[in-house]
Amino acid sequence: MHTLVTGCRGRIGSTLVSLLHRDGHTVRAASRTPGDLAATATALPTGVPVVTCDLGDPTTFGAALDGVDSVFLYADPSGVDAFLAAAESAGVDHIVLLSSSSVLDPDARDNPIAASHHAVEQALTASPLTTTLLRPGAFASNAYQWAQSVRAHGTVDLPYPNSHSSPIDSTDIAEAALVVLTDPRLRGAAYHLTGPESLTAAEQVGLLAAASGRPITVDTVTGAAWKESMAAFLPEPVADALLGYAAASDGSPAEVTGEVEKLTGHPARTFAVWAEEHAAAFRP
């Protein structure tokens, strides 16, 4: 098996490359800007070839896919049809897509968070290539959005402190990808990946406080105030969609699946473990 892993500047892609290399599989790391890979959160193993693959630029596809038979693909709809055509021409027979559980929502086609993942899923479903879909929910690393405020003020602003999610560690996503790439029996299915428990946003903040050894205050703010504070970082439609998710899950436990354990053989990592491993980001 010769695997192309796209998006290797991200933690999931870089971790997956390391796992494939560790287990003796031939792997090629791809990025839109491969020169920046030295700065990834998880350093790539020595000797792994690095190639340019910009999912919005079809001129980069041919060289990246040459000799490849499986691909770990990020959900970028901009050039997906050209990418799939190039993959088929190159002899690729299996694509594992990093999608999102947001595609399971009834408004996925129109929701700005889900729409790109939905579009890529639809393109893959219509192609002759065997496709496996990984649909993780909220990432544990989403908590980084609070780090600056915690370091500076010891506070987190939340419009819905009791909104629930079941945050998943990116390492579990990479390990699930490893298994579906290397076990032909698991190909062609869709897997909804979650962490092992439903937690409110306020409970996540409490676990970060315990891990970092400092008090963190939750300030309940209006949706409008939260949107204003995020205006420099989030387009308004995305902010509205996030507020909608938070409102819908306010006081309602999130779904917890056993797919991580089913695929990897171990329970999904807890948010408390993630908080311990990344506590330094929340200290002054």
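For the structure itself, consult the block above.
A brief structural summary. Note that this is a predicted model, so its numbers are computed, not measured. (Residues numbered from 1 in each chain as written. Predicted model: local features only at pLDDT ≥ 70, side-chain atom pairs only at ≥ 80, totals over all residues. Heavy atoms only, no water.)

### What to know about the overall build of the protein chain
Inference 1: For the protein chain, the count of helices and strands is eleven helices and eleven strands.
Inference 2: In terms of overall dimensions, the protein chain is globule-like: its C-alpha atoms have a radius of gyration of 19 Å, near the 19 Å expected for 284 residues.
Inference 3: Overall, the protein chain is about 55 × 40 × 35 Å in size when its C-alpha atoms are taken along their principal axes.
Inference 4: Out of the 284 residues in the protein chain, the part that is buried amounts to 49%.
Inference 5: Once local pairs closer than 6 in sequence are excluded, the contacts in the protein chain between residues at least 24 apart make up 74%.
Inference 6: If you sum the accessible surface of the protein chain, you get close to 12500 Å²; carbon and sulfur atoms cover 52% of it.
Inference 7: Across the protein chain, the 15 positively charged side chains and the 31 negatively charged ones have centroids separated by 5 Å. (Helix = DSSP H or I, 4+ residues; strand = E, 2+ residues; numbered from the N terminus. Rg over C-alpha atoms; globule rule 2.2 N^0.38 Å. Buried < 20%, exposed > 50% of the residue type's maximum accessible area, 1.4 Å probe, protein only. Contact = heavy atoms within 4.5 Å. Areas by Shrake-Rupley, 256 points an atom, 1.4 Å probe, with all protein chains shown as cover. Lys, Arg positive; Asp, Glu negative; His and termini not counted. Charge placed at Lys NZ, Arg CZ, Asp CG, Glu CD.)

### Examining the layout of surface pockets
Inference 1: For the second largest pocket, the calculated volume is near 200 Å³.
Inference 2: Lining the second largest pocket are Thr6, Gly7, Cys8, Arg9, Ser31, Arg32, Thr33, Cys53, Asp54, Leu55, Tyr74 and Asp76.
Inference 3: A class-by-class count of the residues in the lining of the second largest pocket yields four nonpolar, four polar and four charged. (1 Å grid on protein atoms, 1.4 Å probe; cavity = no way out; pocket = protein on both sides within 12 Å on 5 of 7 lines; lining within 4 Å. Points joined across faces, edges and corners; volume = space filled by probe spheres on them. Nonpolar A, V, L, I, M, F, W, Y, C, P; charged D, E, K, R; others polar.)

### Some words on the side chain of His192
Inference 1: Within the secondary structure, His192 is located in strand E9 (residues 190–193).
Inference 2: A residue is classified by how much of its surface remains accessible, and His192, at 15% relative accessible area, is buried.
Inference 3: Residues contacting His192, with those up to four places away along its chain left out, are Ser101, Leu104, Arg135, Glu255, Thr257 and Glu259.

### What about the environment of Leu208?
Inference 1: Examined against the element boundaries, Leu208 turns out to sit in helix H7 (residues 201–212).
Inference 2: Distance in space between the C-alpha atoms of Leu208 and Ala147 is 9.7 Å, their sequence separation being 61 residues.
Inference 3: With residues up to four places along the chain from it excluded, the contact list for Leu208 reads Ala143, Trp146, Ile216, Phe271, Trp274, Ala275 and Phe282.

### Examining the environment of Pro136
Inference 1: Among the structural elements, Pro136 can be located in strand E6 (residues 130–136).
Inference 2: Separated by 37 residues in the primary sequence, Pro136 and Ser99 place their C-alpha atoms 7.0 Å from one another.
Inference 3: Each residue touching Pro136, except ones within four places of it in the same chain, is listed here: Leu98, Ser99, Ser100, Ser101, Ile168, Ile173 and Leu193.

### Observations regarding the environment of Phe72
Inference 1: Positionally, Phe72 belongs in strand E4 (residues 70–74).
Inference 2: Taking the relative accessible area as the measure of exposure, Phe72 reaches 0% and is therefore buried.
Inference 3: The spacing of Phe72 and Lys227 is 155 residues in sequence and 34 Å in space, taken between C-alpha atoms.
Inference 4: Phe72 has contacts with Thr3, Leu4, Val5, Thr6, Ile12, Leu16, Val96, Leu98, Leu134, Ala177 and Leu181, leaving out every residue within four places of it along the chain.

### Some thoughts on the pairing of strand E5 (residues 94–98)
Inference 1: Counted residue by residue, E5 has five buried out of five residues, so it is predominantly covered.
Inference 2: Residues His94, Val96 and Leu98 line one face of E5 and the alternating positions Ile95 and Leu97 line the opposite face, and both faces are buried.
Inference 3: In this sheet, E5 lies alongside E4 in parallel orientation, the contact comprising five bridges. Opposite Leu73, over in E5, you have Leu97 as the bridge partner.
Inference 4: Crossover handedness for the path E4 to helix H3 (residues 80–90) to E5: right-handed.
Inference 5: Both E5 and E6 contribute to a ladder of five bridges, which runs parallel. Of the residues in E6, the one forming a bridge with Val96 is Thr132.
Inference 6: Between the parallel elements E5 and E6, the chain passes through helix H4 (residues 115–126) in a crossover that is right-handed. (Pairing = 2+ DSSP bridges. Right-handed = clockwise from strand over helix to strand, strands pointing away.)

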